Amino acid sequence: MPYDAWKDNEYIEKLVKELRDSGTNVIIGSLDHLINWGRSNSIWPLTFATSCCGIEFVSLGAARFDMARFGWEVARASPRQADFIMVAGTIVHRMAPVLRRLYDQLAEPKYVIACGGCAISGGPFRKSYHVAMGIEDIIPVDVFVPGCPPRPEAMIYGIMQLSRKIKVEKFFGGVNRQEKQEKFLESHPIEGIDDNK
Amino acid sequence: MQDFSELTAFIHSLLTQFLPEWAAVTVECVIIAVCLLLAYSLLALFYIWFERKVCAAFQCRLGPNRVGPWGLLQSIADMFKILIKELISLKHTDKFLFALAPYLVILASMLSFAVLPWGNGLQIIDFNIGIFFLIACSSIGVLGILLAGWSSNNKFTLIGALRSGAQMVSYELSIGLSILTMVAFAGSMSIGDIVNAQANGWFIFTGHIPAVIAFVIYLIAGTAETNRGPFDLPEAESELTAGYHTEYSGIHFGFFYLAEYLNLFIVSGVAALMFFGGWMPFHINGWDSFNQVMDYIPSVIWFIGKAIALSFVIIWFKWTFPRLRIDQLLSLEWKYLLPINLANLVLMVCCIVYGWHF
Amino acid sequence: MANIQEKIAKLFPEAAFEEADTLTVTIPDAQWHELAKTLRDDAEMAFDYLVTIVGMDWKDSLGCIYYLDSTTHNTHIAVKVIATGDRETPYIHSVSDLYAIGCIYEREVYDFFGIIFIGNPDMRRLFLSIDWKGFPLRKDYDMNPDINPVPHENERQSDYTYTYVEDADGKIVKEEKRVFAEDDFVVNIGPQHPATHGVLRFRTAVDGETIKKIDVYMGYIHRGVEKICEMDTYPQTLHFMDRLDYFSAHPYHHCLCMCIEKAAGIEVPRRAQVIRVIMDELSRIASHCLFIGTFCMDLGATTMLFYTLRVREQILDIMDKTCGARMTFNYETIGGVIADLDPDFVKDVKALLEILPKNIKEYNKLFTGNVITRNRMEGVGVLSRKDAISWAITGPSGRASGWACDVRKTAPYAVYDEVEFDEIVRTEGDSMARFKVRMDEMEQSARIIAQLIDKIPDGEIQAKVPKVLRLPQGRWYQTVEGCRGAFGIYIESDGGTSPYRLKIAPPCLPLAAVVDHLTEGSKIADLITIGGSLDYIVPDMDR
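- For chain C, the name recorded in an unreviewed UniProt entry is NADH-quinone oxidoreductase subunit D, with Candidatus Amulumruptor caecigallinarius as its organism.
- Comment text from UniProt for chain C, heading Catalytic activity (unreviewed entry), reads "a quinone + NADH + 5 H(+)(in) = a quinol + NAD(+) + 4 H(+)(out)".

- As annotated in an unreviewed UniProt entry, chain B carries the name NADH-quinone oxidoreductase subunit H and is attributed to Candidatus Amulumruptor caecigallinarius.
- Word for word, the UniProt comment on chain B under Sequence similarities (unreviewed entry) is "Belongs to the complex I subunit 1 family."
- In its Catalytic activity (unreviewed entry) section, the UniProt entry covering chain B states "a quinone + NADH + 5 H(+)(in) = a quinol + NAD(+) + 4 H(+)(out)".

1. Let's talk about the overall build of chain C
Part 1 of the reasoning: Within chain C, the secondary structure is distributed over 19 helices and 17 strands.
Part 2 of the reasoning: Principal-axis analysis of the C-alpha atoms gives chain C an extent of 70 × 60 × 55 Å.
Part 3 of the reasoning: For chain C, the proportion of its 543 residues judged to be buried stands at 65%.
Part 4 of the reasoning: Once local pairs closer than 6 in sequence are excluded, the contacts in chain C between residues at least 24 apart make up 66%.
Part 5 of the reasoning: About 18,500 Å² of surface is accessible on chain C, with carbon and sulfur atoms providing 49% of the total.
Part 6 of the reasoning: Taking the average place of the 61 positive charges on the side chains of chain C and the average place of its 84 negative ones, the gap between the two points comes to 3 Å.

2. A look at the environment of Lys306(B)
All names here are of chain B.
Part 1 of the reasoning: Relative to the assigned elements, Lys306 resides in helix α13 (residues 299–318).
Part 2 of the reasoning: For the pair Lys306 and Gly277, spaced 29 residues apart in sequence, the C-alpha to C-alpha distance is 9.2 Å.
Part 3 of the reasoning: Excluding its chain neighbours within four sequence positions, the residues that come into contact with Lys306 are Trp202, Ala272, Phe276, Gly277, Gly278, Trp279 and Met280.

3. Regarding the sheet that holds strand β16 (residues 486–493) of chain C
Residues and elements named next belong to chain C.
Part 1 of the reasoning: Strand order in this open sheet of 3 strands is β15-β16-β17, and the pairing throughout is antiparallel. Pairing within the sheet leaves two strands with one partner each, and these edge strands are β15 (474–481) and β17 (501–505). When strand polarity is set aside, the average angle formed by the axes of neighbouring strands in this sheet is 10°.
Part 2 of the reasoning: One ladder, built from 5 bridges, connects β16 with β17; its direction is antiparallel. Within β17, the residue paired with Ile489 across the bridge is Ile504.
Part 3 of the reasoning: Those strands touched by helix α7 (residues 249–264) are β15, β16 and β17, and its axis lies near 150° from that of β15.

4. Quick notes on the interface of chain A and chain C
Part 1 of the reasoning: Between chain A and chain C, the residue contacts involve 44 residues of the former and 53 residues of the latter.
Part 2 of the reasoning: Contact with chain C buries area across many residues of chain A, yet Arg94(A), Lys127(A) and Tyr129(A) alone supply 22% of it, more than any other trio.
Part 3 of the reasoning: Our count for the contact surface shared by chain A and chain C stands at 5 salt bridges.
Part 4 of the reasoning: Here Glu313(C) and Arg64(A) are joined by a salt bridge, their closest N and O atoms 2.8 Å apart.
Part 5 of the reasoning: The tally of links between chain A and chain C comes to 15 residue pairs in polar contact (both at pLDDT 80 or more).
Part 6 of the reasoning: Looking at the side of chain A that touches chain C, the elements that each hand over two or more residues are α4 (52–61) and α5 (96–105) of chain A.
Part 7 of the reasoning: Grouping the constituent residues of the side of chain A that touches chain C by class yields 26 nonpolar, 10 polar and 8 charged.

5. A short note on the interface of chain C and chain B
Part 1 of the reasoning: Taken together, the contact between chain C and chain B spans 31 residues of the former and 26 residues of the latter.
Part 2 of the reasoning: In total, chain C and chain B occlude about 2,400 Å² of area from one another, counting both sides; carbon and sulfur atoms represent 62% of this.
Part 3 of the reasoning: For chain C, the biggest contributors to the area lost against chain B are Glu209(C), Thr303(C) and Ile372(C); these three give 20% of the whole.
Part 4 of the reasoning: Where chain C touches chain B, the interface holds 2 salt bridges.
Part 5 of the reasoning: In this structure, Glu209(C) engages Arg163(B) in a salt bridge whose closest nitrogen and oxygen atoms are separated by 2.5 Å.
Part 6 of the reasoning: The tally of links between chain C and chain B comes to 8 residue pairs in polar contact (both at pLDDT 80 or more).
Part 7 of the reasoning: For the side of chain C that touches chain B, the secondary structure elements donating two or more residues are β10 (185–189), α8 (270–298), α9 (302–323), α11 (371–377) and α18 (524–534) of chain C.
Part 8 of the reasoning: Across the side of chain C that touches chain B, the residue classes break down as 17 nonpolar, 8 polar and 6 charged.

6. Brief notes about the packing of helix α4 (residues 95–114) of chain B against helix α5 (residues 130–151) of chain B
All names here are of chain B.
Part 1 of the reasoning: Between α4 and α5, the shortest axis-to-axis distance is 8 Å and the interhelical angle comes to 160°. By the angle class used here, α4 and α5 are roughly antiparallel. As for how α4 packs across α5, the hand of that crossing is left-handed. Touching Leu97, Phe98, Leu100, Ala101, Leu104, Val105, Ala108, Leu111 and Ser112 of α4 are Phe133, Leu134, Cys137, Ser138, Ile140, Gly141, Leu143, Gly144, Ile145, Leu147, Ala148 and Ser151, all from α5.
Part 2 of the reasoning: Here the contact of α4 with α5 is composed, by residue class, of 16 nonpolar, 5 polar and no charged.

7. Some details on the sheet that holds strand β3 (residues 49–57) of chain C
Residue and element names in this part refer to chain C.
Part 1 of the reasoning: Taken together, the 5 strands give an open sheet; going across it, the order is β1-β2-β5-β4-β3, and neighbouring strands pair in mixed fashion. Where the open sheet ends on each side, the last strands, each with one partner, are β1 (16–19) and β3. Sheet twist, expressed as the average angle between the axes of neighbouring strands with direction ignored, equals 20°.
Part 2 of the reasoning: Pairing between strand β2 (residues 23–28) and strand β5 (residues 76–82): 5 bridges, direction parallel. Directly across from Ile27, in β5, lies its bridge partner Val81.
Part 3 of the reasoning: Sheet strands in contact with helix α2 (residues 29–41) are β2, β4 (62–69) and β5, and its direction is about 135° off that of β2.

8. Regarding unusual backbone geometry
Part 1 of the reasoning: A cis amide bond links Cys148(A) with the next residue in sequence, Pro149(A), at an omega value of -10°.
Part 2 of the reasoning: Tracing the backbone shows Pro149(A) in the loop between β3 (143–145) and α7 (152–167).
Part 3 of the reasoning: You will see that Asn330(C), though not glycine, has its phi angle at about 55°, which is positive.
Part 4 of the reasoning: Mapped onto the elements, Asn330(C) comes out in the loop between α9 and β13 (332–333).
Part 5 of the reasoning: Taking relative accessible area as the criterion, Asn330(C) reaches 32% and is therefore assigned partly exposed.
Part 6 of the reasoning: For Arg543(C), which is not glycine, the phi dihedral falls at a positive 55°.

Criteria and cut-off values
Residues numbered from 1 in each chain as written. Chains lettered and ligands numbered in written order. Predicted model: local features only at pLDDT ≥ 70, side-chain atom pairs only at ≥ 80, totals over all residues. Heavy atoms only, no water. UniProt positions renumbered as here; feature names shortened; annotations may be inferred. Helix = DSSP H or I, 4+ residues; strand = E, 2+ residues; numbered from the N terminus. Buried < 20%, exposed > 50% of the residue type's maximum accessible area, 1.4 Å probe, protein only. Contact = heavy atoms within 4.5 Å. Areas by Shrake-Rupley, 256 points an atom, 1.4 Å probe, with all protein chains shown as cover. Lys, Arg positive; Asp, Glu negative; His and termini not counted. Charge placed at Lys NZ, Arg CZ, Asp CG, Glu CD. Pairing = 2+ DSSP bridges. Axes fitted to C-alpha atoms, helices over the stretch in contact; angles between N-to-C directions. Buried area = accessible area lost by both parts, 1.4 Å probe. Salt bridge = Lys/Arg side-chain N within 4 Å of Asp/Glu carboxyl O. Polar contact = N/O pair within 3.5 Å; in protein donor to acceptor, adjacent residues only side chain to side chain. Nonpolar A, V, L, I, M, F, W, Y, C, P; charged D, E, K, R; others polar. Parallel < 35°, antiparallel > 145°, perpendicular 65-115°, else oblique. Left-handed = near helix turned anticlockwise from the far one by under 90°.

Here it is in structure tokens:
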């Protein structure tokens, strides 16, 4: 894939521009750079699959597509040790609280990729009585990968975009993503859990 | 063959020129500790990368190759991330024990790491029960694992820890006995003596049959001791999510992760020490020019090379065999390895008494 | 069939008969249990295999249609039972004491239609949570999302289950009992767990490492396909089949197409028939490849997964060229197939057939002979033939228990009666047998493809199908051999453009239901072996 095409992401470009405008400290900026280098090059997925997309995710790990090249093959079964959830498959009513709990169990920094039509909007099951119409009102999403199921190439592209997004984050000071996440958690409270602590 | 004790003696004399004896020793201790920590973490990172590459090769994949040349920086990036990842504190857990467990595990592996003979004269301390100390230290690790499982207040970790406890206690017997066989052969428990005794031929060759049996048993038990496949029941991913460290995040998990790989190095290092002459180069009696060429290769490279070659075998096990079941695991130890080991010890003693060895 | 009808008429004078797709007996609820017992135990009838229970809402009444098969005589019968009681509390007598699988099937009907089964030991909801309001497959179900919003809080959990029994006066009494004993150590395996092959949940009571009892929770991927199908036109319903068991997308598609074609009386061109069979068998090889890989991975031998995926990728490439997708093909349509074969198809398939035997040999060398593998699999999770029939375990798992249940042999469809292949049946019934059956089936599938690949006839790929397809009034049932067992489609039409009721009878639901029966007394690690060897696909059982 040519570099220019890969870089073609308005959202991230806007983010970078905003960051540049606010200015950065030299020391903190370079420290940020180092941390983000580590973070963006080491994103471990949670072993999580509900349906078809999960099988394509398995193919992603196999020799043909080999996500190990990027260092993503360390799929952790425990959410405490993973960095992102690839929501691969339909999320139904019964699964929604479980997904939310998995998200809460992830350790910061955590990211979410909504993979496939079902996770984005309900996909072919929009008419159903038991399917959540997209996971965006359950957990905050960072990257959407459309498809039914997306081809493994699309998934690689999606995770690479996530990696790019992590690269422009700020560890010290205003973490732009964090704000979005806090806003989300405020608007989707769970009884008994104080998210701001 | 270069001797590192000259270097260390030089440093010592250099320091005593400026400092009193006690201060010099303190400074040396600090230097050693720093070197050790550095070596420990670098080696662990290298091992993580090595396993990922080897596993990729077995699975017809490429493995990490995007971060740094041949993906060499991949595990460093991973460590950066793990270092700054959130440490989740859990409700309803024993906070003190929960935090203590990873330190115990890493302490155990670091202590055993410290007594390994790295090269000619490159050993921190060579005392007369060196190998005994090594076994004792490596056993502390199981305590950490049990604590981790218990204090997490999670059923998966508890089952994982209990499995691990049963497994480690059983297989320590085999490790101990197979090492005892070789200690009987060497006639000393001092690591330096054991290595020097192999100057004219490694134990695996001179001790022939009983040594080979002891080596095979050691390799099996060592794999079990490090919780690696096919004995990875305590963290059996498909059964117990992540086993005893399910609830650990951030650097606490990083400790378990590092210790796992370092234990792999330690087990193969001890195997290299007991059976393959430690840092001793490969010598053939009578071939003097060949022996001289071998001597040119630094002793450190000999030791690390042997250890990595043995680790490769253990990694090969993991990516080939399916996992055992807990009852099969225990019956393998108690019904097969232990009796064979005891018989082997008697055989070895006979060999020594009647001089059947080379 | 005529003598069966006579015999039933003699014993049960109230029974009414209807010769539709299958012989249908209508019987009042009061005599249903008696009839079921006769049907099962009578040597001449011996209907010992409960295929499926189709819950029905006929607007004025609720009821069930039971599909029964005889494994000895290879005959089929349908029994229609109308529920007694009003719409609030309709009830039917349970047959879970006669057929082990009845318990789960009846729970499913209860979940969707609210029909209470008297005597069923476990009358909880199956797919939906306890707090779910309404019964979704009833015609008057209110789909308003405000009634059942997406929950954000953890699901309410009950340790109790219910049975409804008839007391001496014929009154129905609800009884409550605990699922687990009070001091059981219950480990929750799933819904997010690497070994459950998706989102299935086992509440497992263990004693140390030994399993005492397993309570299966489903519905974590229940997508309500049957209800959506009722709102869609017939061609629109097709694509859901891909998303049930995504490994056997072709056979499932094939099944629904055949059922609709049978109802509409459409003759499928021969070229399409042959293409369909080749596709079915290709996906069977791909599916079994993935089974071997994931099963080995469950046992800890991760590397095997990568070797088997290599062959699967090659098959997916063939599919990709012809169907345009890697997993959800939507290739078979009503009356044929949607597009003609790719020019490279024959060449690619031949290349595949060449490498396949070598690969199978490699898998056997690497895994099957391994002593650890054999210790882990031999004698683990033994299922007898009788239990397999009672639990309705079809497909490779059933054949491993000695039950010759291959639909391609018992009721050949498409061109299966023209090709030669062996039905692999083993008698051990353990995990190893289930594994080996699949291994050998791959060879048989290759054999079928080899016979057909040079003889794909020329001609049309699609029959003429009306633009707006209406099925006549009636009901039809069609079975095919999916990759995991017999897959059935039941369509009831009221003459409109969309089905009045479309029931999917998945092979994986019994596979998950039998886990408790198989694992009792074995180790936690055996649960993984057994679950892996049964090879259930969760979206298939949940629908």
